[in-house]
Structure formats: structure tokens, C-alpha cells
Amino acid sequence: MLRTALRNVLAHKARLAMTVLAVGLGVAFVCGTLVFADSTAAAHRAAASKDYAGIAVTVTAKESPPGTAAEQQDSVLDDALARRLADVPGVAAVRPSADGAAALNAADGTPLRVRAGANPAGAYVPGKDGRDGRYPLVEGRAPRGGDELAVDRGTAAAGGLALGDLVTLATDGPAMTKRLVGIVTTTDTRVTAGGTLALFDTATAQALFATPGRYTGIDLSAAPGTDQFELSRRVTAVLPADRAEATTGAAQADRQAVLVDTLTRGYQKVPTVFAGVSLFTGSFLIVNAFTMLVARRTREIALLRAIGASRRQVARSVLAEAFLVGLVASAAGFLLGLCIASVLPDVLGAGGATLPRGPLVIGPRPVMAALAVGVGITVLAAWLPSRRAARVAPVEAMRTAERPPSGARSRIRGAAGLALLLLGAGLLVSLSGAKDASEENLRSAMLGCAVLVVALIVLAPLLAVPVIRLTGRLVDLLTGLLTRRPTGRLAGHSGITGRLARENALRDPRRTAATAATLLISTALVTGLAVIGNSTERALDRQAAAGLGADYVISSRTPTTGIDPAAVQRVAGTSGVRTASAVTDSVLFTGGGVHDVSGVDPGTVDEVMRLDFVSGSAKDLGPGRIAVSATTARESGLSTGSRVFARIGRSQGPTGYTVVGVYRDNPTARDALAARSEVQQHAFLPHSVQRILVRTDPAAISRTTEGRLRTAVGNSPLLKVQDRPALVRDAAGTMGGLLDVMYGLLAIGAVTGALGIVNTLAMSVAERTREIGALRALGMDRAGVRRMIRQEALIVASFGTLLGLAGGLFGAWAVGSLANGAVEQYSLALPWGTLLLVCLLSPAVGVAAAVLPARRAAALSPLEAVAAV
């Protein structure tokens, strides 16, 4: 039986090639993702190890506990400690450092790669030769004064910076300008992963990131033969107790690799999603291919049974064929996965990501995954066809036609499909009233959508007859309109070919449903994601500027950086500005929970915020008086005139506040409003503001307004200046990743669907050789045969598309309530353009996939086809 399985695989290698390609595509995404993840992790570790290659131990100051006297809070890392550490046995060299973070502007004044944890800055520490071995100079010289800096080569290239340029930068305060005097190289993975680097002379770095004469760390290199862990123990013995600690270079390298891996981990998720979808849709192609092979070889299998083959041997023979096909698909997918892993860094680099380079790391995990996924999915998908083959009786050898499925099986399928449909729809409908986007509800929604898709797949053979008859007539009408001659007659008897195409599609509804399943799944996924994505994007658009009466918003890019209050006065004095109102954001702790509070100026808040008060007024805000949103009032049981004990920011104890107003929910005002003077007093960043809301004179608004406002805040790269359209674009930009995933899923579904249609039609043409020959003998020309096959493909593709659209729209509607709980102002908004694209692309895939089978069918000779056995 093993020889029989091998012979059958070789005999049908052309038809099984589509199955190998579909499974190989999924295997490729799985293996490519795993190899990419392992290679990237190894490159991160190698780069981090190179960063700390010459560092055996680093000494850093410990954080002072609360209540420590001010004179004891200064860092103990000074030159005196550095000299004591240099005398420790085994220490070869000492390198003090003053490190922090600095954001830079590009040459055109725009912020350059500002991201949390990705903008390191520090001191250029020259050695005895005048050079810093950690940052080799490639151009210019080292910074020597407080008005000079050096950057790495990648930062200079990305920002268009050249030696002699004045560079605007900021650490945690007002912006400053320094002249670029040097360009260095670095292996710091935070920088090579897409960040920036700024270097200053030691005194300037101490003033920016520590205190004069103090350091943030002291790096020690070990003498040859000295173990870094032993050296760490020796260094710890001479450090001031509870004031400083020693860390080995290996431990720091591990931390650095983990940090960079965290920054780039999201790049591994999208290929994994594509792999899952490809394998899921490809499994239906496998089922269909082996089902058709078993049906075509019914007489052959019956003969095997007649000469003594048992049911178990027949089933094992089919599974052995699946095993061989899966083995070939695993090998092909693994090789393709290596290609995907090698090009992924370039693809991600085109999107702005910078990943460390290194050789491909091929460990046992990708190899085992390729075999498990390729062979496992193929054998599992072929299990049902193998059972069907095992049920073939020896008497079937005398039959000339395939028996249709029994009515009992159809009824069982219908009952099972209906039960699944009710279960999935019921689960989704039960969530339609929920507005809590909790993890449990999201899991339930995903389960309901999955059950709904499975129900549509199970019911597809039963729905095929009514739906295909409807779509078949529409296809006939469309074909007639496209092929109508000027005389009014239809070319090539398209009515006859359309009827034949419909009957061929309905000849085996199970086969038609299995062929359409790939398009059904991909269409449902894309439709659901498109509707939810478009609805969320519209809600974010409305939310971004909702409640905002100002024309511009100036805000910080990082939560740890505030805006200098003096900048508010400079903004207010800018030409064309009518009102500049500062807002200090903090947290309000009440007995009912934690809420965001905005500290505002009562006299100007009405000009920059669109507040709709249910009761009370913003003008009543002041010391001991707050206003709350309607949701906060409802959750905390508050109303105008209520008394509540709460704590703002870092204040030590609760204070009594009087509620002087309740306003409708406003994303600009957030959960509560208070006087800015009171919020600033207890804010986590004392005496700073987080937002400046700017109202301008309509006649004074011009293209230069934003530039003038940037100048007023010192062109700080830590600050954003956005008008209302920019706020909307910023909010809408969060949907870019979902949009990329959506079109990727559509592409995978289209490819897998095309493979399924090609495979099904190719086998169908081979099965109907005599029938096609008879049609040719009765007068149907080659064009009519091609048109019949193309219309059959169009009908099957339209069938899958319609079911997918129905399932996707229903799932998006049901899940919409959860999105409404997570995103304010969410409402269902259909993306008509995307839906039209899906409706046109899926049938077009069917027609394109039918080109080769149609050409093969048209090439059959009538005499040879009729004579075929």
C-alpha cells in the first residue's frame, strides 16, 4: 500500500502541486517568522554584547529612599570614587559617564526619531590618546565646550545634519541649540534600532544629566585574566553602603537586549497572523483536493478492496499520500521561509524600523515547526477523505458514476450547521448590548465569530443551490451585457454556457462549497476588520477634535516632560493668537476610583474648550471647587453641590472638594476640571503644564502660524504643535497597522482561493473530458468552452464572496458594541470603497484562476475526448 500511495502521488503530482503550494505558503510564514525572531534576537544579543564588550563592571548610584536629607541625595559617583575604584585589584581602566536622554530636531526643524528609551545622550570621554573608544570619530572632532555636540552617523543622515550646523535639542526642559562638531559611530542597539545619539563634553553632560562634578555611572574594564563576577565582588566591598551598586557587563548586555527586543517585538506578530490564516484556508484546499482524488479513484479503490485490501489499509494509503505531500510542502515552505526571514528586515526598514543585522539563525525550532505544521495540517485535513475512501465497497468497481451524498448525511450536516449558526449568532448577539471591552468579552466575541464562520462553512453545501442559482443568473446577465453584439444577439450562446456553468457548479455542492471556503474565510475576515477599522477610525477622528474650541494644541511627546510655564506667555504674545490657555494634567484619586483631572484657567477655558454643562459652570472653579464629567458623576454618585474627599497627584492626604458643575463627556476636558493653580501645586511635574490650547484670530491664520507657535516654544523636539486636522490624522494613524493586516489577509485569501479554484477546475476538467468532447461534437466552439469554465469559476467565487460578506458584516455589527465601550463616539460606518474592492477582487480572482483550466478544456479534441475512458 505504501508503493501504491507513492505511485498515486507521482501520478497526480500536477494536481497536488496546488496543495503543496498552499500548505507551503503557510509553512513559509511560520518558519520565516521563527527564523526572523531567532535571528533578530541573536543580533540584539550580539550588538548588546559588543556595546559592553570592554565593560566588566558598571557602578551606579542607588535611588535615595523617601525622607532622605537633601544633602544626602546627591550622587556619590565623583572623581574621588573613580580614583578609589582605579586602585581595586583587577581594574584595568576607569571611564566615568554622565548619561541621560536628549531629543533632537532635524535640519528642517522637525523632531527626529523621538521615542521613549530610544534617544540616549551622554558624555564623550576621551582617553589618553584623545579619543573615546566607545564612540569612534569618523568626521570632525570631539565636543570641547558647552555649545558643542557630536551625533552618530545614522542620526546625522536621518536628520540631514552636517558639521557646523546648529542643532536644536532638549533634555527635560527648554530647548537649546548647539553646534555640531563631530560625527561618531556606535553599536548601541537603542540607536541602531532606530534611535538617536547626542554626545557632549563631560562638564556639559554632568550639568544636563547629573550635577556638576558628579556622574551617573562609572564603567570599569578588567585586567586580563580577571573574572568580571569576582571583580564585581571586589568593587562592591569599597562602595559606600546603600549609596551605590555594581553590575556586571554581562547583566547590562542582557538588559539592553531585552529592552531592544521589547521595542521591536511587534514586528513578529503580523507574519504569525498571516501564517495562521494561510494554513486555515489552505486546509480546505487540502480537504477538497483529496476528496476529489478519492472520488475520481472510486473504482480503483473498489478494485483494491476486491483483491483483499482492508478499510484500514485504504485509509492508511490516503494518509500516506497526505504525509508525502505534507513532507514536500514542509521542505518547500521551509526554504521559502528562509527567503522571507532574509527580506523582512528590509521590508520593515522601508516602514521606518531599523533592526540590527546579523546572519540567519536556523535552530531546531523552525525545522520542527515546518514538519509539524506542514505534515500535521496536511494529514489532519486528509483524515475525512481517508475515512470516505475506506467506506468504498468492492461493488463500487462496477459503477460508472459517483453516487450523490445520502439524504441522511445532508440532514445531519444541516442540523449541525444550524446549531453552530445559532450558537455563534447567539453568542455575538448576547454581546451586542455589552459596552465593556474586557478581555473576557473580547475572547467571547472572537469565539462567536469563529463559530459563525465554521457554521457558514458547514452550511455552505446546503446554501449552494439557492445562492448559486441567484448568482448564476446575475452572471448570465452581466456576461450578456458585456458580450452583446450591435445586432442585439448574444455572442457564443452565453445563455447556454451560463446554464451549463451553473449546473456544473451544482453538480457537487460539497466540492463547490469547499472550493469557495477559502474566499469565504478571507472575505469574512477582511470585511469584519474593514468595518470595525473604518468605524473606529471615524470615531477617533471625531474624538480627536471633539470638545475642542482651540485652533491649535501644543503638547508634550513624552509623559515625563512638561512645558515651561513661561512658554505660555510667549505663545500668548505671538502674532495672531487671541487666547493661549495652559492646562496641567494630573490624576484625581477618589473613593470611587482614579480619574484624569485637567487643571484649567476658569477665565479662558470656555474659549478653548466646548463645554456643555448639564448644571453649574466652569466660571465657578477655584480653590476647593471642581467640575466632573457626566460619566464620572454617575459612577461616583456626584452632582452639583456634592462634597467629595479626593487627592490630586502627589498630595499627601485627601482634601474636601465641592462639585460646582457637571458637564457632558468631553475628551479634551477629560474626567474632571479644577483650577490650574491647585493642580499644579500637587502635579507629578510641579509648576509645569502639559498642554497649551491656542485660539487664533480667523483672519490671522496662515501657513506660517504653526511655525510661529513652534518658535514661541523654542522649537523643542519634545513638544508637538498640532492643528485640528493634525489631531485627526494623528488619531487616525493608529489604524494604519490594522489596515496593513487587512490588505495582507485579503492578499493571502486571494492567493489561496485562486489555488483552490485552479485545482478544482483542473480536476473537474479531467473528470468531464468525455462530457466536454460531447459538447464540442454537438457544436460548442472553443470560445464557448472557455466561457463556460470561466463562468463556473465566477459563480463559485461569487458564492464564497457573498457568504463571507454576510458573515463579516454580521460579526462587525455584533462586535461594534464592545468597540463602543473602548472608543467613545463609536458607531457603525461601512467602508463602501473597501467593500466594493472585495466584491470586485474576489470574483476577479476566480476568473483569473480559470484561465489555465479553461484553456486546457478548450484544447481538447472532440474525437479524443469522446473516446477517453
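Computed from a predicted model, the values in this text were never measured in an experiment.

Calculation rules
- Residues numbered from 1 in each chain as written.
- Predicted model: local features only at pLDDT ≥ 70, side-chain atom pairs only at ≥ 80, totals over all residues.
- Heavy atoms only, no water.
- Helix = DSSP H or I, 4+ residues; strand = E, 2+ residues; numbered from the N terminus.
- Buried < 20%, exposed > 50% of the residue type's maximum accessible area, 1.4 Å probe, protein only.
- Contact = heavy atoms within 4.5 Å.
- pLDDT = per-residue confidence, 0-100.
- Phe/Tyr/Trp six-rings, centres within 6.5 Å; stacked < 30°, edge-to-face > 60°.
- Lys NZ or Arg CZ within 6 Å of the ring centre and 35° of its normal.
- Salt bridge = Lys/Arg side-chain N within 4 Å of Asp/Glu carboxyl O.
- Patch = residues over 30% accessible without salt bridge, like charges linked within 9 Å, V, L, I, M, F, W, Y side chains within 5 Å.
- Areas by Shrake-Rupley, 256 points an atom, 1.4 Å probe, with all protein chains shown as cover.
- Axes fitted to C-alpha atoms, helices over the stretch in contact; angles between N-to-C directions.
- Parallel < 35°, antiparallel > 145°, perpendicular 65-115°, else oblique.
- Nonpolar A, V, L, I, M, F, W, Y, C, P; charged D, E, K, R; others polar.
- Pairing = 2+ DSSP bridges.

K.L.:
Talk me through the overall build of the chain; I want residue IDs and the actual numbers.
P.N.:
Within the chain one finds 29 helices and 23 strands. Looking at the chain as a whole, 51% of its 869 residues qualify as buried. In the chain, 82% of the contacts between residues at least 6 apart in sequence involve partners at least 24 apart.

K.L.:
Tell me about the confidence of the model for the chain, residues and numbers included.
P.N.:
Model confidence for the chain is summarised by a mean pLDDT of 79, while 78% of its residues fall at 70 or above. Segment residues 66-73 is flagged for pLDDT under 50; beyond a separation of four residues in sequence, or across chains, it makes four contacts in the model. Confidence over residues 485-493 falls short of pLDDT 50; this stretch has 10 contacts with residues more than four positions distant or in other chains.

K.L.:
Any chance you could break down the packing of aromatic side chains for me, citing the residues and the numbers?
P.N.:
Counting across every chain of the model gives three aromatic pairs. Aromatic side chains Phe 613 and Tyr 663 sit 5.7 Å apart centroid to centroid with 65° between the ring planes, which places their arrangement in the edge-to-face category. Placement of Phe 613 in strand S17 (residues 613-616) and of Tyr 663 in strand S20 (residues 655-663) is noted, with a sequence separation of 50 residues between them. There is no split in this pair, since Phe 613 and Tyr 663 are both buried. Directly above the aromatic system of Phe 589 lies the positively charged group of Arg 647, at a separation of 4.3 Å from the ring centroid.

K.L.:
Give a description of the pattern of salt bridges that names residues and reports values.
P.N.:
All told, the structure shown has 15 salt bridges when counted by the stated rule. We note a salt bridge from Asp 78 to Arg 214, for which the minimum N-O separation is 3.6 Å. Note that Asp 78 is positioned in the loop between strand S1 (57-61) and helix H3 (79-86) and Arg 214 in the loop between helix H6 (202-209) and strand S12 (217-222), a separation of 136 residues in sequence. Residue Arg 214 is classed as partly exposed on the basis of its relative accessible area of 25%. A salt bridge links Glu 771 to Arg 507, with the shortest nitrogen-to-oxygen separation between them at 2.7 Å. Taken together, the residues span a long stretch of sequence, with Glu 771 in helix H25 (residues 769-777) and Arg 507 in helix H16 (residues 494-507) at a distance of 264 residues. A residue is classified by how much of its surface remains accessible, and Glu 771, at 25% relative accessible area, is partly exposed. Salt bridges sharing common partners tie together Glu 230, Arg 233 and Arg 234.

K.L.:
Can you break down the environment of Gln 791 residue by residue, with the values?
P.N.:
Looking at where Gln 791 falls in the secondary structure, it is placed in helix H26 (residues 782-822). Each C-alpha atom of the pair Gln 791 and Pro 843 lies 10.0 Å from the other, and the pair is 52 residues apart in sequence.

K.L.:
Go over a nonpolar patch on the surface, please, and point to the residues and values.
P.N.:
A surface patch of nonpolar side chains, amounting to about 590 Å² of accessible area, comprises Phe 323, Leu 327, Leu 360, Ile 362, Val 367, Met 368 and Leu 371. Of all the secondary structure elements, the ones that give two or more residues to the nonpolar patch are helix H11 (311-350) and helix H12 (364-381). With three residues, H12 is the largest single contributor of residues to the nonpolar patch. Inspection of the secondary structure assignment puts Phe 323 in helix H11. You can call Phe 323 partly exposed: its relative accessible area is 40%.

K.L.:
Requested: an account of the packing of H12 against helix H13 (residues 383-390), with residues and values cited.
P.N.:
Relative to each other, H12 and H13 sit at 40°, their axes nearing to 4 Å. Classified by the interaxial angle, the pair formed by H12 and H13 is oblique. For the pair formed by H12 and H13, the contact residues are Val 379, Leu 380 and Ala 381 on the first element and Trp 383, Leu 384 and Pro 385 on the second. The residue makeup of the contact of H12 with H13, split by class, is six nonpolar, no polar and no charged.

K.L.:
So, the sheet that holds strand S13 (residues 244-248): which residues are in play, and what are the values?
P.N.:
On the basis of which strands lie adjacent, the open sheet formed by four strands has the order S2-S12-S1-S13 and antiparallel pairing. Edge positions in the sheet fall to strand S2 (91-97) and S13, since each has one partner strand and no second. Going from strand to strand, the sheet's axes swing by 20° on average, the running direction of each strand aside. Relative to S13, S1 is paired through five bridges, and the arrangement is antiparallel. Counted as the bridge partner of Val 57 is Thr 248 from S13.

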